[in-house]
Amino acid sequence: MNTLTITRPDDWHLHLRDGEQLRAVLPYTAKQFARAIVMPNLRPPVVTVDMALAYRDRILAALPEDRKSGFEPLMTLYLTDNTPPSEIVRAKESGAIHGVKLYPAGATTNSDAGVTDLAKCYATLEIMEKMDMPLLVHGEVTDPGIDVFDREKVFIDRILAPLVQRFPGLRIVFEHVTTRDAVQFVRQAPHQIAATITAHHLLLNRNAIFQGGIRPHHYCLPVLKREVHRQALLEAATGGESKFFLGTDSAPHSQAAKESSCGCAGMFTAHAAIELYATAFEQADALDKLEAFASFHGADFYRLPRNRDTIALNKENWIVPQQYEFAAENLIPLYANTVLSWRMA
Ligand code: NCD
Ligand code: ZN
């Protein structure tokens with residue numbers, strides 16, 4: 001197969017940043033995807049409808065001319081201990097906000113305003129359940145006593161399973177799942193529970209963080225896991241199951257912020273997002289399953305129409321650039337200086 005044509009995909013989990021950084025990274029996503037669920041972890045976080053709508057306007061203004069009408073940002077609100085139920089009503093009425101993101105306080109980049117105790121959010125979650133506003137979760141506990149590789153599993157047991165029980169009608173996306181435990185949990189959970197899977201967790205296991213030395217560009221959260229977990233993710237992504245769909249979690253940080261004594265978490269993958277997924281699916285001999293994962297399952301879950309246009313991927317070797325411009329700084333992409341064998345036409 002030399003060309004693979006698929007319905008244009010959507011990215012159901014994306015960090016676009018703001019200002020000059022937004023202008024630097026948005027074109028890569030807009031070129032490939034029709035829509036993206038845009039994460040609200042700016043500084044300060046996007047906690048109100050007004051902030052989300054203003055951010056949406058900035059994203060639309062930053063779109064390249066040729067994608068002005070071709071790309072739609074799907075906005076999210078950042079859940080805090082104090083998000084009032086009335087804000088959910090307003091979010092739903094805006095038509096522009098498609099999810100509310102739960103970051104356990106301190107779990108990841110810019111998450112210090114996150115939720116300290118989910119019980120404080122019960123009234124808000126109740127309205128979300130009633131109004132059919134999806135909850136998007138960063139599924140890791142932040143308890144420093146829990147090993148960093150176990151934080152997703154412990155989150156399932158301590159937080160997510162009880163949450164699903166308490167709010168049986170709440171639609172939940174378990175974002176960027178990284179473990180076999182998470183895959184199993186989502187599979188056996190009721191139909192309103194789904195998950196996104198990143199390309200990097202399909203392609204890499206935790207050895208990549210320590211390959212001949214410490215590799216800051218392979219550090220993200222949730223952190224890469226063992227090979228058995230990568231295999232479980234691959235099986236979920238390529239199995240045709242509608243609960244699993246594409247979410248890149250492309251999370252750009254400057255080279256200086258990554259290559260530091262305390263480097264930031266996040267991999268930039270938007271430069272070659274669909275190509276990276278195609279590489280993973282091809283390795284699993286499942287290219288025929290890419291379209292549903294990338295273009296159908298997420299739209300169906302979010303109750304949005306599937307896209308009508310298509311993109312084509314050519315079997316063609318190209319070398320990922322060493323770096324991209326990122327405002328006045330550099331951005332090192334995943335697989336910098338490495339040959340990829342698929343390329344979007
Ligand atoms: C994300 C970021 O940098 O915003 N980092 C990451 O490693 N994925 C935050 C997140 O999604 O956890
Ligand atoms: Zn993320």
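Preceding block: the structure.
Thresholds applied
Residues numbered from 1 in each chain as written. Chains lettered and ligands numbered in written order. Predicted model: local features only at pLDDT ≥ 70, side-chain atom pairs only at ≥ 80, totals over all residues. Heavy atoms only, no water. 1 Å grid on protein atoms, 1.4 Å probe; cavity = no way out; pocket = protein on both sides within 12 Å on 5 of 7 lines; lining within 4 Å. Points joined across faces, edges and corners; volume = space filled by probe spheres on them. Nonpolar A, V, L, I, M, F, W, Y, C, P; charged D, E, K, R; others polar. Donors = N, O, S within 2.8 Å, 3.2 Å for Na, K, Ca; no water. Tetrahedral: all angles 85-135°; square planar, octahedral: opposite > 155°, others 65-115°. Helix = DSSP H or I, 4+ residues; strand = E, 2+ residues; numbered from the N terminus. Buried < 20%, exposed > 50% of the residue type's maximum accessible area, 1.4 Å probe, protein only. Arc of directions from axis to C-beta. Contact = heavy atoms within 4.5 Å. Pairing = 2+ DSSP bridges. Axes fitted to C-alpha atoms, helices over the stretch in contact; angles between N-to-C directions. Phe/Tyr/Trp six-rings, centres within 6.5 Å; stacked < 30°, edge-to-face > 60°. Lys NZ or Arg CZ within 6 Å of the ring centre and 35° of its normal.

1. Here's the deal with empty space enclosed by the protein
Right, so step 1: Tallied over the full model, the rule gives 3 cavities of 30 Å³ or more.
Right, so step 2: The volume enclosed by the largest cavity comes to roughly 130 Å³.
Right, so step 3: As for the largest cavity, its lining consists of 18 residues, and the residues nearest its centre are His15, Thr108, Leu221, Asp249 and Ala251.
Right, so step 4: In terms of residue class, the lining of the largest cavity is made up of 6 nonpolar, 9 polar and 3 charged.

2. Overview of the coordination of the zinc ion (ligand 2)
Right, so step 1: Here the zinc ion (ligand 2) is held by the protein donor atoms His13 (NE2), His15 (NE2) and Asp249 (OD), which lie 2.0 to 2.1 Å from it.
Right, so step 2: Relative to the metal, the 4 donor atoms surrounding the zinc ion (ligand 2) lie at angles of 90 to 146 degrees, and the coordination shape comes out irregular.
Right, so step 3: Along the chain, the residues donating to the zinc ion (ligand 2) fall in the pattern H-x1-H-x233-D. Here His15, found in the loop between β2 (11-14) and α1 (19-32), pairs with Asp249, found in the loop between β9 (244-246) and α9 (255-258); they are 234 residues apart in sequence, far enough to count as distant.
Right, so step 4: Residue class for Asp249 comes out buried when judged on its relative accessible area of 7%.

3. Thoughts on helix α3 (residues 85-94)
Right, so step 1: Looking at α3, one finds that the buried residues are Glu87, Ile88 and Ala91. Projection of α3 onto a plane perpendicular to its axis shows the buried side chains occupying an angular sector of 105 degrees, all on one side.
Right, so step 2: In this structure, the buried side of α3 is in contact with α2 (49-62), β4 (72-78), β5 (97-102) and α4 (122-131).
Right, so step 3: At the C-terminal side of α3, Gly95 shows a positive phi close to 75 degrees.

4. Topic: the sheet that holds strand β3 (residues 35-38)
Right, so step 1: Pairing is parallel in the open sheet, where 8 strands are placed in the order β2-β3-β4-β5-β6-β7-β8-β9. In this open sheet, the two edge strands, each paired with only one partner strand, are β2 and β9. Within this sheet the neighbouring strands show an average axis-to-axis angle of 30 degrees, counted without direction.
Right, so step 2: Pairing of β2 with β3 involves 2 bridges; the strand directions are parallel. Its bridge partner lying in β3, Leu14 is registered against Val38.

5. Considering the packing of aromatic side chains
Right, so step 1: In the structure shown here, the tally under the stated rule is 13 aromatic pairs.
Right, so step 2: Ring geometry for Tyr78 against Tyr103: centres 5.2 Å apart, planes inclined by 35 degrees, an arrangement best described as tilted. Placement of Tyr78 in strand β4 and of Tyr103 in the loop between β5 and α4 is noted, with a sequence separation of 25 residues between them. The same class applies to Tyr78 as to Tyr103, namely buried.
Right, so step 3: Ring centres 5.7 Å apart and planes at 55 degrees place the aromatic pair Tyr277 and Phe293 in the tilted group. Placement of Tyr277 in helix α10 (residues 273-283) and of Phe293 in helix α11 (residues 290-301) is noted, with a sequence separation of 16 residues between them. The pair formed by Tyr277 and Phe293 is uniform in burial state, with each residue classed as buried.
Right, so step 4: Counting every residue linked through ring pairs, the aromatic cluster contains Trp12, Phe245, Phe301 and Tyr302.
Right, so step 5: In this structure, Arg206 is placed above the aromatic ring of Phe149, and the distance from its NZ or CZ to the ring centre is 4.6 Å.
Right, so step 6: Positioned above the aromatic ring of Phe296, the side-chain terminus of Arg306 is 4.2 Å from the ring centre.

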